[in-house]
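Residues per chain, in single letters:
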Amino acid sequence: MNKITKRLYIITGKGGVGKTSIAMALTKYLESKGIDARYNSFFQEPERELWDKLKLPVFDITLLSSAEIYIGRKLNSKTIASWIMKTHFFKSLFQMIPGLGHMILLGHIIDDLERNPNLVIILDSPASGHALTMFESSSNFKKIFRAGLIVKDIERMHRFLTNPSHLKTTIVSLPTELSMNEARDLELELGQNDLEMDFNLNLVVNDSYLKYCELNHISESDLPEFLKSKVDLEKEIVKNTPTIPHIDENSQESIISAMTPFMETLV
Amino acid sequence: MKQIPLKKVELFCGTGGVGKTTMATARALFLARTGRKVLLITIDPAKRLKQILSLPDKDDGEIHSIPLSLFGDEMDSSFDAMLMSPGATLKRIASERGLEAEFDSTIIKTLSRPYGGMNEIMSIIEVQYQLKKKTYDTIILDTPPGKHFIDFLESSEKIKNFFDKSFLEIFEYLGKNIHSDGKKSKNIFTKLISTGVNKLLTYLEDVTGADFVREFIDAVLALYKSRDSFLHALDFQQELKQESYSNWFLVTSVEQQKMNEAQGLKDQAENFMHNDLFLIINKCLTPFLNNWEPKADTTLSRLKKSMVTREAILTEFASKNFRNVLKFHEINNPSPLEHVKGLALQFKA
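Below or above, wherever it landed, is the structure these notes cover. These numbers were taken from a predicted model, which means no experiment stands behind them. (Residues numbered from 1 in each chain as written. Chains lettered and ligands numbered in written order. Predicted model: local features only at pLDDT ≥ 70, side-chain atom pairs only at ≥ 80, totals over all residues. Heavy atoms only, no water.)

Topic: the overall build of chain A
So, point 1. In terms of regular secondary structure, chain A is built from 12 helices and six strands.
So, point 2. Across the 267 residues in chain A, those meeting the buried criterion constitute 58%.
So, point 3. Residue pairs at least 24 apart in sequence account for 76% of intrachain contacts in chain A once pairs closer than 6 positions are excluded.
So, point 4. Just so you have it, chain A exposes about 11200 Å², and 50% of that area is on carbon and sulfur atoms. (Helix = DSSP H or I, 4+ residues; strand = E, 2+ residues; numbered from the N terminus. Buried < 20%, exposed > 50% of the residue type's maximum accessible area, 1.4 Å probe, protein only. Contact = heavy atoms within 4.5 Å. Areas by Shrake-Rupley, 256 points an atom, 1.4 Å probe, with all protein chains shown as cover.)

Here is the structure:
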């Protein structure tokens, strides 16, 4: 493979733009290049049936078991960890601060990336609001925890994430004005973060009819009005952003398989 | 297809990217045009409403009057719109109860940020507050996408658990213990708990830091002092279940995955929903596809065929699983306002 891969790929964007399909297709693409790449569903519901159909390599761990492993590692005791996880205090802590569980999971993922230098993880990250909170949350948690093992770990996570060769973030958008505006807003927000993190941001446009026409040698003059207006709009707003073509398939696994060859631009 | 009855509350739900907020705004416009007083509240922190209606930044939690002239209407009328802000609602609760000082804690502030964990509970309290004012004929709720919507529905259940007696006993005890004046005489039972709890606390402090444990307990106690506001929210859940009170709109679009997700939401929320549940299939292409005649045996004719088949299969699936199905055709216009206008017209048909 010509490009050197990063260690952690974050795929984000608003709801319904195709984050999950792209994250899975990227995992399959990296795997096809001989890389030990694994998909993690993070905030999304795990779709185990689809993973099986795709034979997708995954990093599958639930929030609670991740937290239990984490606390166990920190206190050198699995028994105490499982005891703590059963207390009202921790249960309510997790219920009230949902970001806490995800931060611990991210810490867990980074832990594993540090232990295994060949591992690459693809995070199917939450709709943009969440993604931002996720990164903000580590500095928020630093503020509220101030001392203790969690803070030491947050600092370690920051060190890992601030290394420019470790992280790449892709914001997925659709070729519509609303979606592009939202994606560019998110790009701006992530770019202006005060976390000193280099997200290595890039934007990609999914479901492009323009690219579909190019690939299938369809002349635009043959398009019906409702598709022609889609393509015209796309030309106007997408400009130089890399695109992934519209895929004319019905099942999700065929869509993902058809997308896989177009994933190089995300590496 | 039956007529959509008029109700006090209308809920728009669905997974991400199906056009929930645009659809809810279109419904508000439609009802306002019939002369009803409408409040549209969006609980979706994605802030799409802000984009659609070009609302100003940074004053979430406030009610904005949206003149119908924004949509090119000549009638001198309007509807109200509001972006839910958990922080603003919490502030009101604090000032109602004189708890401003207690609520001025880093932990509570973190929790009441959008996505901080109290969004759903705060939204229910806000909706109740707006309903009590009796200013509106209909309140339209644009709910958070997917599983956050289920969280929204179940949040009153969460409140009940949160203020669960045994939980509070421990915290009240801990609160006293930590501020250690130790005035109250302890019986054997509380002593037993306290030794166990202290042991646990030392472990917790290793993980989270001692200050955090103290502050967290203070924050929980502050919330406990305002528990009446929270517990009152339980009534709303009961009201929502009544057919005479609410309409449910489950929004989806013409994709197999989205349709499965809609079915999943319906199954998960079955306890709350009733007969007046309307499935809205958004972004339908049927009227456009019917007028399109590509040359036979070309890539385009195959594209048309697969689009027609997809829509037919999904429509059949929908009418098998939902009593009321509304199909809305796609609006071919880049402007979000035009989308709202185009969809509002389709509510009439």
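Notes on the overall build of chain B
So, point 1. Helices and strands together make up the secondary structure of chain B, namely 15 helices and eight strands.
So, point 2. By the burial criterion, 54% of the 349 residues in chain B qualify as buried.
So, point 3. Sequence separation of at least 24 residues holds for 77% of the intrachain contacts in chain B that already meet a minimum separation of 6.
So, point 4. Accessible surface for chain B amounts to roughly 15600 Å². Of this, 50% is attributable to carbon and sulfur atoms.

Some words on the sheet that holds strand β2 (residues 38-42) of chain B
Residues and elements named next belong to chain B.
So, point 1. Pairing within the open sheet is mixed, and its eight strands lie in the order β3-β4-β2-β5-β1-β6-β7-β8. Since the sheet does not close on itself, it has two edges, and those belong to β3 (63-67) and β8 (324-329), each with one partner. The average angle at which neighbouring strand axes cross in this sheet is 25 degrees, direction not considered.
So, point 2. Here five bridges tie β2 to strand β5 (residues 138-142), and the two strands are oriented parallel to one another. Residue pairing for β5: Ile-41 is matched across the bridge by Leu-141.
So, point 3. Each of β1 (9-13), β2, β4 (78-83), β5, β6 (246-253), β7 (277-284) and β8 is contacted by helix α1 (residues 20-33), which is oriented at about 170 degrees to β5, the strand it contacts most. (Pairing = 2+ DSSP bridges. Axes fitted to C-alpha atoms, helices over the stretch in contact; angles between N-to-C directions.)

Section: the environment of Leu265(B)
Residue and element names in this part refer to chain B.
So, point 1. Structurally, the position occupied by Leu-265 is in helix α12 (residues 256-268).
So, point 2. Owing to a relative accessible area of 4%, Leu-265 belongs among the buried residues under this scheme.
So, point 3. Separated by 118 residues in the primary sequence, Leu-265 and Lys-147 place their C-alpha atoms 7.9 Å from one another.

Let's talk about the side chain of Thr42(B)
Residue and element names in this part refer to chain B.
So, point 1. Looking at the secondary structure, you find Thr-42 in strand β2.
So, point 2. A polar contact is formed between the side chain of Thr-42 and the side chain of Asp-142, at a distance of 2.6 Å.
So, point 3. Ignoring sequence-local partners within four residues, the contact set of Thr-42 consists of Leu-49, Met-82, Leu-83, Met-84 and Asp-142. (Polar contact = N/O pair within 3.5 Å; in protein donor to acceptor, adjacent residues only side chain to side chain.)

Here we look at the sheet that holds strand β6 (residues 243-245) of chain A
Residues and elements named next belong to chain A.
So, point 1. The strand order across the open sheet built from six strands is β2-β3-β1-β4-β5-β6, with neighbouring strands paired in parallel fashion. Across the chains shown, the open sheet's two edge strands, defined by having one partner strand only, are β2 (36-40) and β6. Neighbour-to-neighbour, the strand axes of the sheet open up by a mean angle of 20 degrees, direction not taken into account.
So, point 2. Relative to strand β3 (residues 119-124), β2 runs parallel, the two sharing five bridges. Bridging from a neighbouring strand, Asn-40 pairs with Leu-123 of β3.

Describing the pattern of salt bridges
So, point 1. Summed over all chains, the structure comprises 21 salt bridges over all chains.
So, point 2. When the shortest N-O distance is used, the salt bridge between Arg27(B) and Glu10(B) registers 2.8 Å. One end of the pair, Arg27(B), is in helix α1; the other, Glu10(B), is in strand β1, and 17 residues separate them in sequence.
So, point 3. According to the relative accessible area criterion, Arg27(B) is buried, its value standing at 1%.
So, point 4. As a salt-bridge pair, Glu96(B) and Arg92(B) come within 3.8 Å of each other at their nearest N and O atoms. One end of the pair, Glu96(B), and the other, Arg92(B), are both in helix α3 (residues 86-96), four residues apart, so they sit about a helical turn from each other.
So, point 5. Bridged by salt links that share partners, the residues Arg73(A), Asp111(A), Asp112(A), Glu114(A), Arg115(A) and Arg156(A) form one connected network. (Salt bridge = Lys/Arg side-chain N within 4 Å of Asp/Glu carboxyl O.)

A word on the pairing of strand β4 (residues 167-173) of chain A
All names here are of chain A.
So, point 1. With seven of seven residues buried, β4 is to be regarded as a mostly interior element.
So, point 2. In this structure, β4 lies alongside strand β5 (residues 201-208), joined through five bridges in parallel fashion. Residue pairing across strands places Ile-171 opposite Leu-203, the latter belonging to β5.

What to know about the packing of α12(B) against helix α14 (residues 299-321) of chain B
All names here are of chain B.
So, point 1. Between α12 and α14, whose axes approach to 11 Å, the crossing angle comes to 10 degrees. What the angle tells us is that α12 and α14 run roughly parallel. Counted together, Gln-256, Met-259, Asn-260, Gln-263 and Lys-266 of α12 and Leu-314, Phe-317, Ala-318 and Asn-321 of α14 form the full contact between these two elements.
So, point 2. By residue class, the composition of the contact of α12 with α14 is four nonpolar, four polar and one charged. (Parallel < 35°, antiparallel > 145°, perpendicular 65-115°, else oblique. Nonpolar A, V, L, I, M, F, W, Y, C, P; charged D, E, K, R; others polar.)

Let's talk about unusual backbone geometry
So, point 1. For Asp207(A), which is not glycine, the phi torsion reads 60 degrees and is therefore positive.
So, point 2. Its identity as a non-glycine residue notwithstanding, Lys134(B) has a phi of 55 degrees, on the positive side.
So, point 3. Residue position: Lys134(B) is located in the loop between α6 (119-132) and β5.
So, point 4. For Lys134(B), a relative accessible area of 71% corresponds to the exposed category.

Examining the pairing of β3(A)
So, point 1. With six of six residues buried, β3(A) lies mostly within the body of the structure.
So, point 2. Side chains of β3(A) alternate between two faces, with Leu119(A), Ile121(A) and Leu123(A) and Val120(A), Ile122(A) and Asp124(A) buried alike.

Observations regarding helix α9 (residues 177-191) of chain A
So, point 1. Over its 15 residues, α9(A) runs 21 Å from end to end, which matches the ideal 21 Å to within 8%, given 1.5 Å per residue.
So, point 2. Leu178(A), Ser179(A), Met180(A), Glu182(A), Ala183(A), Leu186(A) and Leu190(A) are the residues of α9(A) that are buried. (Expected span 1.5 Å × (residues − 1).)

A closer look at the nonpolar core
So, point 1. Judged by nonpolar contacts, the single largest core of 57 residues is most densely connected at Phe149(B) and Trp248(B).
So, point 2. If we ignore the near neighbours within four places in the chain, the residues touching Trp248(B) are Leu11(B), Cys13(B), Phe149(B), Leu153(B), Leu240(B), Phe272(B), Met273(B), His274(B), Asp276(B), Leu277(B) and Phe278(B).
So, point 3. Counting 41 residues, the second largest nonpolar core, distinct from the first, contains Ala81(A), Ile104(A), Ile109(A) and Met180(A). (Core = buried A, V, L, I, M, F, W, Y, C linked by side-chain atoms within 4.5 Å.)

Some remarks on helix α3 (residues 63-75) of chain A
So, point 1. Along its 13 residues, α3(A) runs 18 Å from first to last C-alpha, staying within 8% of the 18 Å computed at 1.5 Å per residue.
So, point 2. For α3(A), the set of buried residues is Ser66(A), Ala67(A), Tyr70(A), Ile71(A), Gly72(A) and Leu75(A).

Concerning the state of the cysteines
Where two cysteines share a covalent bond between their sulfur atoms, that bond is called a disulfide.
So, point 1. Enumeration according to the criterion identifies zero disulfides over all chains in this entry.
So, point 2. Lacking any disulfide linkage, Cys13(B) is separated from the closest cysteine sulfur, that of Cys284(B), by 17 Å. (Disulfide = S-S within 2.5 Å.)

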